[in-house]
Amino acid sequence: MKRTKLNFIIDAVAFIGFVVMTTTGVLMRYLLPPGSGHYTTIWGLDRHEWGGIHFWIAVVFFTILALHLVLHWRWIVSVVTGKPHEGSGLRAGLGIVGIATVTLLSIAPLF
């Protein structure tokens, strides 16, 4: 399998894991709040069972992200140890804006 295809598959699985983990987290936070116990269920699962699913999705997500970092290790090292080039300030600025945007989007459901 080509490295590009492998990276795409790993990134797609990581994105799906992120979406599912976020969904189960929001589900437990707002639809099955603490204290709902065994009285409130969604698809026959109570808060604690959804918590178990959320935990194992987080473990898989963490593993996929670790694999992602391993596959991109040479790039990470070259960015950290590399010398700044013309236009690298723009890339760094866009990266910071991107991280801020993702952070704000991820906490938006809380408001």
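Relevant structure appears above.
Conventions and cut-offs
- Residues numbered from 1 in each chain as written.
- Predicted model: local features only at pLDDT ≥ 70, side-chain atom pairs only at ≥ 80, totals over all residues.
- Heavy atoms only, no water.
- Patch = residues over 30% accessible without salt bridge, like charges linked within 9 Å, V, L, I, M, F, W, Y side chains within 5 Å.
- Areas by Shrake-Rupley, 256 points an atom, 1.4 Å probe, with all protein chains shown as cover.
- Salt bridge = Lys/Arg side-chain N within 4 Å of Asp/Glu carboxyl O.
- Helix = DSSP H or I, 4+ residues; strand = E, 2+ residues; numbered from the N terminus.
- Buried < 20%, exposed > 50% of the residue type's maximum accessible area, 1.4 Å probe, protein only.
- Contact = heavy atoms within 4.5 Å.
- Core = buried A, V, L, I, M, F, W, Y, C linked by side-chain atoms within 4.5 Å.

Undergrad: Now, about a nonpolar patch on the surface: what can you tell me, with residues and values included?
TA: Taken together, the side chains of M1, L6, F8, I9 and V13 present a nonpolar region at the surface, about 510 Å² in accessible area. As for its position among the elements, L6 is in helix 1 (residues 3-31). Accessibility expressed as a relative area gives 31% for L6, which makes it partly exposed.

Undergrad: Tell me about the side chain of N7, residues and numbers included.
TA: Counting through the fold element by element, N7 comes out in helix 1. On the basis of relative accessibility, which here comes to 15%, the residue N7 falls in the buried class. Apart from residues lying up to four places away in sequence, N7 is in contact with L71 and H72.

Undergrad: Provide a residue-level description of the nonpolar core, including the pertinent values.
TA: Soluble globular proteins tend to pack their nonpolar side chains together in the buried interior. Formed by I10, A14, M21, I57, F61, I64 and L71, the largest nonpolar core amounts to 7 residues. Looking at this core, the elements with two or more residues in it are helix 1 and helix 2 (47-71). When residues no more than four places from it in sequence are discounted, the contact partners of I57 are G17, V20, M21 and T24.

Coordinates in, geometry out; function isn't part of it.
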